[in-house]
Amino acid sequence: MVEDQASKKLAKNTTALYIMNITKIALPLFTLPYLTRVLSKDCYGVVAYVKAVMQYMQIVVDFGFLLSATKDIVKVQKDKDAISKVVGDTLMAKLMLVFSAFVLLLIMIINIPMLRANVIYTIMSFVVVALTCFLMDFLFRGLEEMQVITFRYVIMRTIATVFTFVFVRSDSDMMWIPCLDIIGSVVAIVLVFVEMKKRGIYIKITGLKNAISKLKDSAVFFLSNMASTTFTALNTLMIGLFINTNQVAEWSVCMQIVSAVQSMYSPITDGIYPYMVKTKDWKLINKTAKIFMTLITLGCIFTFFVAKIVLFIVGGQKYVNAALLLRASIPLLFFSFPAMLFGWPALGAIGKSKETTFTTVLTAIIQIIGMIVLLLIGEFNVIALALWRGITESILFVSRYRYCKKFRNEFLL
């Protein structure tokens, strides 16, 4: 009976996350074809470049709390006072990180021409990142109430999406993009605090010492997340620095398509994680891998043949010539799911945080070395970069799978 209830809860949470990730896919795919058509390629390149920078800022602000604080909430699920303290100390730690991230951003603005030429847009985009401190995703993930996260996300993104079509009509309207995100975020924050009040959960800050302790506990997760961002945002930053905004635009459109597919993977791994922390069920990991890798293989084959059609639909005629780039990204699509599945949901669930982080950092270093080599031999281009990403993702998967085999006795077999 208890096992049935746990299975139902897992299914409910996975469904909620799927709804959220379908929204993550659908709404940007509604606006992407619109933005690529109403904005010039250079302007869209700036938008994509700043977005890549904000991915780094978001990693700094999140600092791995989505995993570490979620685990803390799981441990004290039935103690509202303890939950409130976790929420308060985590929030204080995040606000400290917002200040640090902003200082880092100012340094980047001074040194990177593309950011320096778009200072206000860049800072407004950072405000969106800062507001995520108050969305409390870790809380509702730990409580295994993913529907709250899903509801507020759908509301937040729907507001920004609908008004994008109303206010963004040309390059001169670019500032509306972060402004609409800010409005959506504020509405989502209000909804989150209403849900917290319903559950009798409040913000209880116990002191600076405990906030710093939270940062220490989350450092290993942060290192992993920062390293994993090397696989995405750093590529965009490097293309912007060493090639041009046109290439940034093409790369970003293709990576948005890749991210849309990867968003379909996240609900599975995110939904399994809290359940795996409790059960450490190896059979669930194995079964999930077998089912979804079959579907992913078929999807990769399909992508190869319809690349031009997809790019025409998503970006318009001026992005069709990026079909080779999208095809070169297929190995990345293939290896992403098993790399994710055998990471935190598997290794993380049995307490192998250091091993999981090591695989990510190692692969990130390999990624960076590869980029440097491409620069040195004069072959730094988007096709070579996409192919290298596929190789590094396969290395990430293999290294994590080997650790799972090594520590297999720590799973429930």
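Residues numbered from 1 in each chain as written. Predicted model: local features only at pLDDT ≥ 70, side-chain atom pairs only at ≥ 80, totals over all residues. Heavy atoms only, no water.

Q: Residue-level account of the overall build of the chain, with values.
A: Helix and strand counts for the chain come out as 19 helices and zero strands. Against the compact-globule benchmark of 22 Å for 413 residues, the chain has a radius of gyration of 21 Å, which places it among compact chains. The dimensions of the chain, computed from C-alpha atoms along their principal axes, are 55 × 40 × 35 Å. The buried share among the 413 residues of the chain stands at 57%. Restricting to contacts in the chain with at least 6 residues of sequence separation, those with at least 24 account for 85%. (Helix = DSSP H or I, 4+ residues; strand = E, 2+ residues; numbered from the N terminus. Rg over C-alpha atoms; globule rule 2.2 N^0.38 Å. Buried < 20%, exposed > 50% of the residue type's maximum accessible area, 1.4 Å probe, protein only. Contact = heavy atoms within 4.5 Å.)

Q: Mind laying out a nonpolar patch on the surface, listing which residues take part and the relevant values?
A: A cluster of nonpolar side chains, namely Ile365, Ile368, Ile369, Ile372, Val373, Leu376 and Ile377, defines an oily patch on the protein surface of about 650 Å² accessible area. Relative to the elements of secondary structure, Ile372 occurs in helix H18 (residues 353-376). You can call Ile372 partly exposed: its relative accessible area is 44%. (Patch = residues over 30% accessible without salt bridge, like charges linked within 9 Å, V, L, I, M, F, W, Y side chains within 5 Å. Areas by Shrake-Rupley, 256 points an atom, 1.4 Å probe, with all protein chains shown as cover. Salt bridge = Lys/Arg side-chain N within 4 Å of Asp/Glu carboxyl O.)

Q: Quick one: what's the story with helix H4 (residues 80-111), residue by residue and with numbers?
A: The end-to-end C-alpha distance of H4, which contains 32 residues, comes to 46 Å, matching closely the 46 Å that a straight helix rising 1.5 Å per residue would cover. Measuring from the side-chain oxygen of the N-cap residue of H4 to the backbone nitrogen of Asp81 gives 3.2 Å; that N-cap residue is Asp79. (Expected span 1.5 Å × (residues − 1). Polar contact = N/O pair within 3.5 Å; in protein donor to acceptor, adjacent residues only side chain to side chain.)

Q: Explain the pattern of salt bridges to me, and be specific about the residues and the numbers.
A: Under the criterion given, the structure shown has twelve salt bridges. Here Glu145 ties to Arg199 by a salt bridge, and the two come within 2.6 Å at their closest N and O atoms. Within this pair, whereas Glu145 is found in the loop between helix H7 (137-142) and helix H8 (146-167), its partner Arg199 is found in the loop between helix H9 (176-198) and helix H10 (208-229), the two being separated by 54 residues in sequence. Taken together, the shared-partner salt bridges in this structure form one network comprising Glu145, Glu195, Lys198 and Arg199.

Q: Requested: an account of the packing of helix H13 (residues 266-279) against helix H14 (residues 282-315), with residues and values cited.
A: As a packed pair, H13 and H14 sit with axes 12 Å apart at the nearest point and diverge in direction by 170 degrees. In terms of their interaxial angle, H13 and H14 are classed as roughly antiparallel. Judged by residue contacts, Ile268, Ile272, Tyr275 and Met276 of H13 engage Leu284, Ile285, Thr288 and Phe292 from H14. Partitioning the contact of H13 with H14 into residue classes produces seven nonpolar, one polar and no charged. (Axes fitted to C-alpha atoms, helices over the stretch in contact; angles between N-to-C directions. Parallel < 35°, antiparallel > 145°, perpendicular 65-115°, else oblique. Nonpolar A, V, L, I, M, F, W, Y, C, P; charged D, E, K, R; others polar.)

Q: So what's going on with the packing of H14 against helix H16 (residues 330-341)? Residues and values would help.
A: Contact geometry for H14 and H16: axes closest at 9 Å, N-to-C directions at 170 degrees. One element, H14, and the other, H16, form an angle in the roughly antiparallel class. Facing H14, whose interface residues are Ile285, Thr288, Ala289, Phe292, Met293, Ile296, Thr297, Cys300, Thr303 and Phe304, H16 presents Ile330, Leu333, Phe334, Phe337, Pro338 and Leu341. A class-by-class count of the residues in the contact of H14 with H16 yields 13 nonpolar, three polar and no charged.

Q: Let's hear about the packing of aromatic side chains: which residues, and what values?
A: Applying the stated rule across the entire model yields 17 aromatic pairs. Aromatic pair Phe63 and Phe65: ring centres 6.2 Å apart, planes at 40 degrees, arrangement tilted. Residue Phe63 is classed as buried on the basis of its relative accessible area, which comes to 12%. Residue Phe65 is classed as buried on the basis of its relative accessible area of 1%. The side chain of Lys41 reaches across the aromatic face of Tyr319, ending 5.3 Å from its centre. Directly above the ring of Phe407 sits Lys352, whose terminal nitrogen or CZ lies 4.2 Å from the centroid. (Phe/Tyr/Trp six-rings, centres within 6.5 Å; stacked < 30°, edge-to-face > 60°. Lys NZ or Arg CZ within 6 Å of the ring centre and 35° of its normal.)

Q: Outline the confidence of the model for the chain, listing residues and values.
A: In this model, the chain carries an average pLDDT of 87, and 93% of its residues clear a pLDDT of 70 or more. Confidence, read as mean pLDDT per element, is least for helix H1 (residues 2-38) in the chain (73) and greatest for helix H15 (residues 323-328) (96). (pLDDT = per-residue confidence, 0-100.)

Q: Run through the state of the cysteines, naming residues and quoting values.
A: Applying the stated criterion across every chain yields a total of zero disulfides. Lacking any disulfide linkage, Cys254 is separated from the closest cysteine sulfur, that of Cys300, by 15 Å. (Disulfide = S-S within 2.5 Å.)

Q: Describe the nonpolar core, with residues and values.
A: Counting 126 residues, the largest nonpolar core has Tyr44, Met57, Phe126, Met136, Leu139 and Phe140 as the members making the most contacts within it. Tallying contributions element by element places helix H2 (residues 41-62) first for this core, with 15 residues. In contact with Phe126, other than residues within four places in its own chain, are Met54, Met57, Val98, Ala101, Phe102 and Leu105. Core analysis: the next-biggest nonpolar cluster, separate from the first, contains five residues, Phe221, Tyr273, Val277 and Trp344 among them. (Core = buried A, V, L, I, M, F, W, Y, C linked by side-chain atoms within 4.5 Å.)

Q: Provide a residue-level description of unusual backbone geometry, including the pertinent values.
A: Backbone geometry places Met136, a non-glycine residue, at a positive phi of 55 degrees. Checked against the element boundaries, Met136 lands in the loop between helix H6 (119-131) and H7. Even without glycine at this site, Lys280 takes up a positive phi of about 55 degrees. As for its placement among the helices and strands, Lys280 is situated in the loop between H13 and H14.

Q: How would you summarise the environment of Asp137 if you had to cite specific residues and measurements?
A: One can find Asp137 in helix H7. The buried category is assigned to Asp137, whose relative accessible area is 19%. Between the C-alpha atoms of Asp137 and Leu91, which are 46 residues apart in sequence, the distance is 11 Å. When sequence neighbours within four positions are dropped, the list of residues in contact with Asp137 reads Leu66, Ile149 and Arg152.

Q: Lay out the side chain of Ser399 with the relevant residues and their values.
A: For Ser399, the location among the structural elements is in helix H19 (residues 382-406). Judged by its relative accessible area of 17%, Ser399 is buried. One polar contact links the side chain of Ser399 to the main-chain carbonyl oxygen of Leu396, over a distance of 2.9 Å.

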